[in-house]
Amino acid sequence: METLILRTNCNQLKDIVVFFDMPRSLSHDGNALQTFPIPIAPDHSLVYSDSMSQLVVRNLVKHFPIHSGIFQKTTGKVHAVSGVSLTIAPGETLGLVGESGCGKSTLARLIVRLLTPDAGTIMFDGRIITHDSQRSLQSLRRDLQMIFQDPFASLNPRMTVGAILAEPFRIHRVGTRRDRPGRVAALLDLVGLAAEAMHRYPHEFSGGERQRIGIARAIALRPKLVIADEPVSALDVSVQGEILNLLLDLQEQLGLAYLLIAHDIKVVAQISHRIAVMYLGRIVETLPAAELLRACHPYTHALLASVPEPNPAQARAISPIGGDVPSPIAPPRGCPFHPRCPRRQLPLCAETMPAMTAHAGDRHAACHFPVDSHTAHDERSPSLPHARS
Ligand SMILES: Nc1ncnc2c1ncn2[C@@H]1O[C@H](COP(=O)(O)OP(=O)(O)OP(=O)(O)O)[C@@H](O)[C@H]1O
Ligand code: SF4
Ligand SMILES: [Mg+2]
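Summary of the structure given here. (Residues numbered from 1 in each chain as written. Chains lettered and ligands numbered in written order. Predicted model: local features only at pLDDT ≥ 70, side-chain atom pairs only at ≥ 80, totals over all residues.)

**Concerning the site of ligand 1**
Part 1 of the argument: Near ligand 1, the surroundings consist of 13 residues, among which Phe64, Ala80, Ser100, Ser105 and Thr106 are the closest.
Part 2 of the argument: Here the shell around ligand 1 takes three residues from helix H1 (residues 104-111), the largest share from any one element. (Near = placed C-beta within 6 Å. Helix = DSSP H or I, 4+ residues; strand = E, 2+ residues; numbered from the N terminus.)

**Things to note about H1**
Part 1 of the argument: The buried count for H1 comes to seven of eight residues, which makes it a mostly enclosed element.
Part 2 of the argument: Just downstream of H1 lies Arg113, where phi reads positive at about 60°. (Buried ≥ 20, exposed ≤ 12 C-beta atoms within 10 Å, placed from the backbone.)

**Considerations on the environment of Ala216**
Part 1 of the argument: Within the secondary structure, Ala216 sits in helix H6 (residues 207-219).
Part 2 of the argument: Here the alpha-carbon distance between Ala216 and Leu187, two residues 29 residues apart in the chain, equals 5.9 Å.
Part 3 of the argument: Look past the residues within four positions of Ala216 in its chain and what remains in contact with it is Leu165, Leu187, Leu188, Leu190 and Val191. (Contact = placed C-beta atoms within 7 Å.)

**Some details on the pairing of strand E14 (residues 257-262)**
Part 1 of the argument: Within E14, six of the six residues are buried, which leaves it mostly tucked inside the rest of the structure.
Part 2 of the argument: Direction of pairing for strand E9 (residues 93-97) relative to E14: parallel, over a ladder of five bridges. Each bridged residue has a counterpart across the sheet, and for Leu94 the counterpart in E14 is Leu259.
Part 3 of the argument: Between strand E13 (residues 225-229) and its parallel partner E14, the chain crosses via helix H7 (residues 237-254), and the hand of that crossover is right-handed. (Pairing = 2+ DSSP bridges. Right-handed = clockwise from strand over helix to strand, strands pointing away.)

**Brief notes about the packing of H6 against H7**
Part 1 of the argument: At a minimum axis separation of 10 Å, H6 and H7 run at an interaxial angle of 20°. With respect to H7, the element H6 is oriented roughly parallel. Between H6 and H7 the crossing geometry is right-handed. The segment H6 lies against H7, with Gly207, Gly208, Gln211, Arg212, Ile215 and Ile219 engaging Val239, Glu242, Ile243, Leu246, Leu250 and Leu254. (Axes fitted to C-alpha atoms, helices over the stretch in contact; angles between N-to-C directions. Parallel < 35°, antiparallel > 145°, perpendicular 65-115°, else oblique. Left-handed = near helix turned anticlockwise from the far one by under 90°.)

**A look at the sheet that holds strand E7 (residues 55-68)**
Part 1 of the argument: Pairing is antiparallel across the open sheet formed by four strands, whose spatial order is E8-E7-E10-E11. This sheet does not close on itself; its edge strands, each paired only once, are strand E8 (73-88) and strand E11 (127-128).
Part 2 of the argument: Pairing between E7 and E8: twelve bridges, direction antiparallel. Looking at E8, one finds that Leu55 is bridged to Ile88.

**A closer look at the nonpolar core**
Part 1 of the argument: Among the nonpolar cores identified, the biggest contains 89 residues, and Leu259 and Val277 are the most heavily contacted of them.
Part 2 of the argument: Considering every element that reaches this core, the biggest residue donor is E14, with six residues.
Part 3 of the argument: Apart from residues lying up to four places away in sequence, Leu259 is in contact with Ile88, Leu94, Leu96, Ala108, Leu225 and Ile227. (Core = buried A, V, L, I, M, F, W, Y, C linked by C-beta atoms within 7 Å.)

**Looking at the site of ligand 2**
Part 1 of the argument: In the vicinity of ligand 2, the contacting residues are Pro298, Cys335, Phe337, His338, Cys341, Arg343, Arg344, Cys349, Pro354, Cys367, His368 and Phe369.
Part 2 of the argument: Residue classes in the shell around ligand 2 are distributed as eight nonpolar, two polar and two charged. (Nonpolar A, V, L, I, M, F, W, Y, C, P; charged D, E, K, R; others polar.)

**Brief notes about the environment of Met356**
Part 1 of the argument: For Met356, the location among the structural elements is in strand E17 (residues 356-359).
Part 2 of the argument: Of the residues examined, Met356 has 14 C-beta atoms within 10 Å and is grouped as partly exposed.
Part 3 of the argument: For the pair Met356 and His368, spaced twelve residues apart in sequence, the C-alpha to C-alpha distance is 9.6 Å.
Part 4 of the argument: In this structure, Met356 is in contact with His364 and Ala366, ignoring residues within four places of it in sequence.

So this is what it looks like as structure tokens:
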């Protein structure tokens, strides 16, 4: 399969990426007579009219095989990511939220190509990277970086902070050995740490300071997109706000786009422009953060209802989510949320997978019986922060 990128000079028009299959007509002696491109269009991943996006993910799938017995035969698979599509614009923050085990980290690892997808397409900065070799991914790493949940585990305890932060410059041959201490000092300053921190080791810092070091390493090469996987969930509540504010400041200064992953909807609501809600390996709703309280999907409302309410008088109509997430080894038929959904109607919800449908206010939800937006308004929660526009 070949890929053609049609790039236009007009700002009004977007680049268009088209996949072509190149069938060849053969003469009797087997030589190609002519080549003619035919667009193959099995699904909506064919044409990306939105290649202005920093990141486009279409129908991404990752199933982990389960092996058992002495011959390690494959006896099943974990449906970690099952057909995820999303986009992130330059400078935008997309918050990805969902319960533990729903596939958030697997999706992040697929996007940065630490894992190879079973199916689907990833386009970053106008280039399809789905099957790039590790070698060609090297240059991608400059523009696409990751921040991890546990900064302590991701920082080498035997290296000084100076050596840790100089590594990206060394690996990507940026600047000279002599100017590296200056670059490291500037990075530390950007994340609110003193230059003398470069002489110390990771264990000498608090959790919040270590996360600042992890962030400094991620932004060292001025990436275009940073994937932050639970960047504050290991931190004290008092420190969480400081780190989120730092991410906001850096976005403003450096024009970064973020994919911010969290299981706490309050955290993503705080700094995201748009929110994607994930359940059992699928995106079930995407919507602007400002529309969060008018969400269409019952699962989004269940997540909202699980935010602790400081004022008991503000009781919500929809109760917090009950039951456990079903096993991703055997996800339920029909709507994956139906065993726990208070709005389910049988047999439709148990038999037919709902398609992603557009609703007013740029909301998209996969639900046969979406929550009425007027009801949703009544559940306004004072405990959620103001959304970004
Ligand atoms: N390498 C792997 N081999 C087999 N199964 C895996 C592997 N990595 C993840 N999984 C499984 O895939 C599912 C999704 O895991 P993932 O870590 O992506 O979830 P998550 O949403 O990030 O969860 P959490 O909020 O706890 O971090 C889980 O059932 C997990 O056990
Ligand atoms: S499709 Fe049915 S079960 Fe699924 S979320 Fe909507 S109402 Fe609930
Ligand atoms: Mg995770």
